[in-house]
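Residue-level structure breakdown
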Amino acid sequence: MGKKDRFQVVYSQGAVDVMRILVDTHTGVQYLQVVNGYAGGLTPLLGADGAPVVWAPEEDDR
């Protein structure tokens, strides 16, 4: 993926039933995407306090 893409995939598992964690590069908020056939969903990841989980640059080990 290019550096200018708004969303970056930081984790992916599965081939048929796919789960991915995406990061919005503008806000740092992480999202969980689940895809199963023609169905799917997207939701922000939330911490124990109910606030969105934000990607910290020091966590980026890619």
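As a starting point, this report considers the structure included with it.

1. Considerations on the pattern of salt bridges
Following the criterion strictly, the structure yields one salt bridge and no others. The partner of Asp 24 in a salt bridge is Arg 6, and the shortest N-O contact between them spans 2.6 Å. Of the two residues, Asp 24 sits in strand 2 (residues 17–24) while Arg 6 sits in the segment before strand 1 (7–13), which places them 18 residues apart along the sequence.

2. A look at the pairing of strand 2
Bridge analysis of strand 1 against strand 2 gives six bridges, and the strand direction is antiparallel. Across the sheet, residue Gln 8 finds its bridge partner in strand 2, namely Val 23. Taking the residues that link successive antiparallel strands as the turn, the strand 1-strand 2 hairpin has three residues, and the phi of Gly 14 there is positive, at about 95 degrees. With seven bridges connecting them, strand 2 and strand 3 (residues 30–36) associate as antiparallel partners. Counted as the bridge partner of Asp 17 is Asn 36 from strand 3. What sits between the antiparallel neighbours strand 2 and strand 3 is a turn of five residues, in which Gly 28 has the positive phi angle 85 degrees.

Each value, and the rule that gives it
- Residue positions are given per chain, counting from 1 as you read along its sequence in written order.
- For this predicted model, a pLDDT threshold of at least 70 governs which residues receive local features, and a threshold of 80 or more governs which side-chain atom pairs are given and counted, while totals over whole chains, interfaces and linings are taken from all residues.
- Here the side-chain values reflect all heavy atoms present in the structure, with hydrogen atoms and water set aside.
- A pair is scored as a salt bridge if a Lys or Arg side-chain nitrogen falls within 4 Å of a carboxyl oxygen belonging to Asp or Glu.
- Every helix listed is a DSSP run of H or I at least four residues long, and every strand listed is a run of E at least two residues long, numbered separately from the N terminus.
- A strand pair is defined by DSSP finding two or more bridges across the two strands.

As far as function goes, none of this settles anything; it's purely spatial.
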